[in-house]
Amino acid sequence: MGKKGRFAKYRETIKDPRVIVSALAITVLVAWLFYRSAIALILFPIILFACLYYFQDRNSEKRREKVLIEFREMLKVIVSELRSGHSLENAVMILDKEISHLCGDKAIIIPGLKNMQRQLRLKKPVEQAISDFASYYQYEEIVNFAYTIGYAKRLGGNYIKNISVSAEKIEQRLEVKQDIKTQLAEKQFEMKIMGVMPLGILIYIGLTSYEFIEPLYHNLMGVIVMSVSLVLYVACLYIAKRIVTIEY
């Protein structure tokens, strides 16, 4: 994806009020805990970008999961229609209604399905319409499915078998990921607790025994020490998050 596409995603994400609120809260907390100075509020743009990255990454992962779940249901509908004796073209033409019924009217893939149906009405080959659908969402599973349909159409392959296999693989992949997420839930909770503890300790000392940490503020050496500590703290959080993040 090019820079324009990435920036477009960030523009969409920044509309989420949680991004601005989180960035403001974190900036104020960092300015007070690490510097005890309002000057540190100049870190807001950096923290805002970090929040944008975090929310965009999380939203992208949720979108991917939702699209794959809807795509799995789409494949099931196609298989059912083919087994009933209908053509692939006819199966595609009812997908928007079936997916709306199964996944709700706000299903992510419905615009893509309507675009496929529009192309079929214009007499475009079904394999090309499916290929364009895959290009729009750009997920590996959907792209592979489009390739499968293309080869089967040219070589006379078994549609029902190929689509059934694709649906089963996606189903297995989602189930495996859900099992892993369940097993990692405890570790992810522990990671969040460990991530908050250093801040909690700093807050506690600052409120009860400020004289112990007072030399770290309002002088050059203290600013350097706290800045290095902040960078190391953020790096540790990032590494911990990567460790307990599932990628597929």
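Everything here concerns the structure above.
Residues numbered from 1 in each chain as written. Predicted model: local features only at pLDDT ≥ 70, side-chain atom pairs only at ≥ 80, totals over all residues. Heavy atoms only, no water.

A. The arrangement of the pattern of salt bridges in detail. Applying the stated criterion to the full structure yields eight salt bridges. Here Asp57 ties to Lys241 by a salt bridge, and the two come within 3.5 Å at their closest N and O atoms. Of the two residues, Asp57 is situated in helix H3 (residues 44-83) and Lys241 in helix H11 (residues 220-243); the sequence distance between them amounts to 184 residues. Using a relative accessible area of 37% as the deciding quantity, one classes Asp57 as partly exposed. Asp96 is the partner of Lys114 in a salt bridge, and the nearest nitrogen-oxygen pair spans 3.3 Å. Taken together, the residues Lys114 in helix H6 (residues 110-121) and Asp96 in helix H5 (residues 95-103) connect sequence positions 18 residues apart. We classify Lys114 as partly exposed; its relative accessible area is 40%. A residue is classified by how much of its surface remains accessible, and Asp96, at 9% relative accessible area, is buried. (Salt bridge = Lys/Arg side-chain N within 4 Å of Asp/Glu carboxyl O. Helix = DSSP H or I, 4+ residues; strand = E, 2+ residues; numbered from the N terminus. Buried < 20%, exposed > 50% of the residue type's maximum accessible area, 1.4 Å probe, protein only.)

B. H6, seen in detail. Compared with an ideal rise of 1.5 Å per residue, which puts twelve residues at 16 Å, H6 spans 17 Å between its outermost C-alpha atoms and is within 8% of the ideal. Along H6, the residues that are buried comprise Ile110, Gly112, Leu113, Met116, Gln117, Gln119 and Leu120. Turning to H6, the residues buried within the fold contact H3, helix H4 (88-93), H5 and helix H7 (126-137). Immediately beyond the C-terminal end of H6, within one or two residues, lies Lys123, with a positive phi of roughly 65 degrees. (Expected span 1.5 Å × (residues − 1). Contact = heavy atoms within 4.5 Å.)

C. Local environment of the state of the cysteines. Under the criterion given, the structure shown has zero disulfides. Free of any disulfide, Cys51 has its nearest neighbouring cysteine sulfur in Cys236, separated by 19 Å. (Disulfide = S-S within 2.5 Å.)

D. Structural detail: the packing of H5 against H6. At a minimum axis distance of 9 Å, the contact between H5 and H6 shows a crossing angle of 165 degrees. Considering the angle they form, H5 stands roughly antiparallel to H6. In the crossing of H5 with H6, the sense of the turn from one axis to the other is left-handed. Facing Leu95, Asp96, Ile99 and Ser100 of H5, the residues of H6 in contact are Ile110, Leu113, Lys114, Met116 and Gln117. Along the lines of polarity and charge, the residues of the contact of H5 with H6 split into five nonpolar, two polar and two charged. (Axes fitted to C-alpha atoms, helices over the stretch in contact; angles between N-to-C directions. Parallel < 35°, antiparallel > 145°, perpendicular 65-115°, else oblique. Left-handed = near helix turned anticlockwise from the far one by under 90°. Nonpolar A, V, L, I, M, F, W, Y, C, P; charged D, E, K, R; others polar.)

E. Quick peek at a nonpolar patch on the surface. Taken together, the side chains of Leu220, Met221, Ile224, Val225, Val228 and Leu232 make up a nonpolar region of the molecular surface, amounting to roughly 580 Å² of accessible area. Within the secondary structure, Leu220 is located in helix H11. (Patch = residues over 30% accessible without salt bridge, like charges linked within 9 Å, V, L, I, M, F, W, Y side chains within 5 Å. Areas by Shrake-Rupley, 256 points an atom, 1.4 Å probe, with all protein chains shown as cover.)

F. Highlighting the packing of aromatic side chains. Counted according to the given criterion, the structure contains five aromatic pairs. Judged by centre distance (5.4 Å) and plane angle (75 degrees), the ring pair of Phe71 and Phe145 falls under edge-to-face. Taken together, the residues span a long stretch of sequence, with Phe71 in helix H3 and Phe145 in helix H8 (residues 140-155) at a distance of 74 residues. Judged by relative accessible area, which is 1%, Phe145 ranks as buried. (Phe/Tyr/Trp six-rings, centres within 6.5 Å; stacked < 30°, edge-to-face > 60°.)

Function cannot be inferred from these measures alone, as they are strictly geometric.
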